[in-house]
Amino acid sequence: MLNKAIPEDAFLRVENLGKTYPGSEEAVFENVNFGIERGQFVCIIGHSGCGKTTILNALAGLETASAGHVIMAGREVVGPSLERGVVFQGHALMPWLSVRKNIAFAVRSKWPDWSKAQVDAHVEKYVAMVGLSHAIDKKPSALSGGMKQRVGIARAFAIEPKMLLLDEPFGALDALTRGTIQDELLRICRETQQTVFMITHDVDEAILLADRILLMSNGPRARVAEIVVNTLPASRTRSGMHHDPQFYRIRNHLVDFLVQRAAKLSHGQAPSSPHFVYPGLESAETDSPPHLVKQKESA
Amino acid sequence: MKNLSLRAKAGILSVLLFALILAVWQFATLQKSSVTTAQYTPEQIEYMKLMGKDPGKQSEKSGFPTPVQMGSAAFKHLSDPFFDNGPNDKGIGLQLAYSLGRVGIGYLLAALVAIPFGFLIGMSPLIYKALDPFIQVLKPISPLAWMPIALYTIKDSTISGIFVIFICSVWPMLINTAFGVASVRRDWLNVARTLEVPPLRRAFEVILPAAAPTILTGMRISMGIAWLVIVAAEMLVGGTGIGYFVWNEWNNLSLPNVIFAILVIGLTGMALDAIFGRLQKAVTYVE
């Protein structure tokens with residue numbers, strides 16, 4: 001079946017994914033279809049209980065879906081793998097290990113044959129990347145919430161995964177800290193061309209970070225209802241992007257969806273194959289993946 | 001007084017309390033009860049003397065030792081703790097060593113059984129549920145109730161003592177290990193899963209350190225129980241050990257020795273607990 005929501009060359013393909021928990025009649029989500037291209041940053045937004053975390057866990061291989069497939073780089077995801085790094089909601093650092101050892105634990109898992117010096121050098125590189133070199137030998141309990149989450153991010157990046165999965169990584173942080181870490185994440189992702197899938201509740205965060213924003217309808221039988229293409233320039237910054245009128249068009253579209261339309265589209269009323277949406281632009285809705293649109297525009 | 005630390009104040013208070021206890025003890029044991037012979041008729045006194053209960057003499061000597069007598073008994077024991085003059089006459093240090101040896105062997109065997117088994121039980125909810133009724137039934141049995149069965153099957157009193165220590169130490173360690181392993185945070189296990197950590201490495205590098213504080217708590221409780229039980233077990237089994245010493249000195253009606261042994265038991269228990277307290281502190285982590 002050719003699915004228009006999934007570009008043919010997509011690196012990650014999520015096809016008709018669904019999850020029904022035992023004992024419940026209705027699926028939490030069903031017919032979830034989307035694709036992620038290599039190097040893309042994709043955010044998923046939706047109300048609590050629509051199964052975002054379950055989708056992320058299915059992508060990670062930590063949970064099995066009851067229907068559908070996840071295919072990464074041509075191979076079906078059947079279990080957890082070092083090719084997919086996960087940043088957990090609650091940072092999930094091991095409190096008995098220092099920052100260095102927490103990351104070294106991950107590095108040694110990926111490269112068991114490395115010498116201690118190699119591991120150390122690699123760990124130090126990634127700790128420096130998130131700006132925590134001064135705290136490298138501290139235990140997580142001695143770090144602030146934001147620092148802990150940065151260690152979690154460094155740990156996920158350190159294994160150089162093909163895909164990074166972030167489960168609402170900044171949810172527990174205060175607004176200021178969140179801003180700094182968002183900037184850091186944005187910089188690192190641009191530098192490393194990392195493919196990222198991230199859950200968030202923060203509309204501004206999604207617009208800043210994501211190339212594509214997946215909008216989920218409410219559960220039960222939630223679906224990815226729309227794929228919003230971020231039309232802000234790639235060079236956008238947190239401090240400058242709200243001066244772009246396009247920012248508000250996108251933001252209003254997202255907020256309108258969450259406030260008004262998400263609930264109406266529950267119980268499977270959302271399309272099983274989401275449209276690409278360009279808020280504020282003339283080709284407001286299209287069935288075609290964005291690179292085809294660009295071709296049309298240039299033609 | 002105001003700028004003393006809480007610790008120093010508590011220490012001073014402890015010393016004062018100790019002095020008070022000694023003073024009360026001294027006072028209580030020295031006071032001669034003034035039993036007058038006036039209330040008895042001469043015939044009664046004569047009769048009592050015949051029965052070995054001389055009312056005049058009896059009041060002079062209290063059976064309970066004074067602190068000074070205690071001190072001299074303690075000095076006698078401590079000046080030569082390791083003498084060995086045959087089965088019923090060994091130094092307190094030697095007796096203590098016998099008891100510690102038994103506790104050590106029984107406890108170590110219990111740890112060798114309980115910790116690996118606790119790991120398995122904790123990892124598998126099925127085994128946890130299946131074994132739970134057995135553990136719940138076996139756990140509340142007084143270790144001394146096993147004594148007859150142990151003596152009957154093992155036929156050796158020393159090994160029976162060790163068995164009793166084993167059986168009483170095993171449950172807290174088993175239950176705590178299983179509980180600790182079963183309640184390792186899901187996040188840490190998920191981290192290990194996404195990193196494709198092999199099972200053995202996961203057990204030693206994730207589950208063991210995560211469950212270590214709970215396991216150590218179980219070990220500490222076990223050690224406390226084992227030290228309580230050894231005294232009673234040795235009283236039953238006889239031969240050697242601090243428990244047997246207490247019973248033997250009771251038969252000799254030597255209360256200073258009994259009291260001294262009680263103090264030694266208390267101090268040893270405190271030392272054992274302190275060691276485990278240290279170990280516990282070493283593996284405890286702050287989340």
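Residues numbered from 1 in each chain as written. Chains lettered and ligands numbered in written order. Predicted model: local features only at pLDDT ≥ 70, side-chain atom pairs only at ≥ 80, totals over all residues. Heavy atoms only, no water.

## Quick look at the sheet that holds strand β1 (residues 12-19) of chain A
Residue and element names in this part refer to chain A.
Here is step 1 of the chain: If you walk across this open sheet you meet the four strands as β2-β1-β4-β5, and the pairing is antiparallel. The outermost strands of the open sheet, each flanked by one partner alone, are β2 (29-36) and β5 (75-76).
Here is step 2 of the chain: Judged from the five bridges that link them, β1 and β2 form a sheet pairing that is antiparallel. Residue Leu-17 lies in a different strand from β2, and its bridge partner there is Val-32.
Here is step 3 of the chain: Running at roughly 125° to β1, helix α1 (residues 52-60) makes contact with β1, β2 and β4 (67-72) of the sheet. (Pairing = 2+ DSSP bridges. Helix = DSSP H or I, 4+ residues; strand = E, 2+ residues; numbered from the N terminus. Contact = heavy atoms within 4.5 Å. Axes fitted to C-alpha atoms, helices over the stretch in contact; angles between N-to-C directions.)

## Quick look at the interface of chain A and chain B
Here is step 1 of the chain: With 21 residues of chain A in contact, the opposing surface of chain B contributes 18 residues.
Here is step 2 of the chain: With both chains or domains summed, chain A and chain B bury close to 1,800 Å², and 66% of this area falls on carbon and sulfur atoms.
Here is step 3 of the chain: When the buried surface of chain A facing chain B is broken down by residue, Pro95(A), Trp96(A) and Phe105(A) rank first, second and third, together holding 32% of it.
Here is step 4 of the chain: Applying the counting criterion to the chain A and chain B interface returns one salt bridge.
Here is step 5 of the chain: Close ionic contact of Arg108(A) with Glu205(B) constitutes a salt bridge, the shortest N to O distance being 3.3 Å.
Here is step 6 of the chain: Here chain A and chain B share six residue pairs in polar contact (both at pLDDT 80 or more) between them.
Here is step 7 of the chain: Top element by residues in the side of chain A that touches chain B is helix α2 (residues 99-110) of chain A. It accounts for four residues. (Buried area = accessible area lost by both parts, 1.4 Å probe. Salt bridge = Lys/Arg side-chain N within 4 Å of Asp/Glu carboxyl O. Polar contact = N/O pair within 3.5 Å; in protein donor to acceptor, adjacent residues only side chain to side chain.)

## A word on the pattern of salt bridges
Where charged atoms of side chains with opposite charge meet at close range, the side chains can pair.
Residue and element names in this part refer to chain A.
Here is step 1 of the chain: Evaluation of the coordinates by the stated rule reveals 22 salt bridges over all chains.
Here is step 2 of the chain: Note that Lys-162 and Glu-83 form a salt bridge whose closest N and O atoms lie 3.3 Å from each other. Within this pair, whereas Lys-162 is found in the loop between α4 (145-158) and β7 (163-167), its partner Glu-83 is found in the loop between β5 and β6 (84-87), the two being separated by 79 residues in sequence.
Here is step 3 of the chain: Taking the relative accessible area as the measure of exposure, Lys-162 reaches 41% and is therefore partly exposed.
Here is step 4 of the chain: Measuring nitrogen to oxygen at the nearest pair gives 3.0 Å for the salt bridge that ties Arg-178 to Asp-202. Linking Arg-178 in helix α5 (residues 175-192) with Asp-202 in the loop between β8 (195-199) and α6 (203-209), this pair joins segments that are 24 residues apart in sequence.
Here is step 5 of the chain: Taking the relative accessible area as the measure of exposure, Arg-178 reaches 21% and is therefore partly exposed.
Here is step 6 of the chain: In the salt-bridge network here, residues are joined through shared partners; they are Arg-100, Lys-116, Asp-120, Glu-124 and Asp-137. (Buried < 20%, exposed > 50% of the residue type's maximum accessible area, 1.4 Å probe, protein only.)

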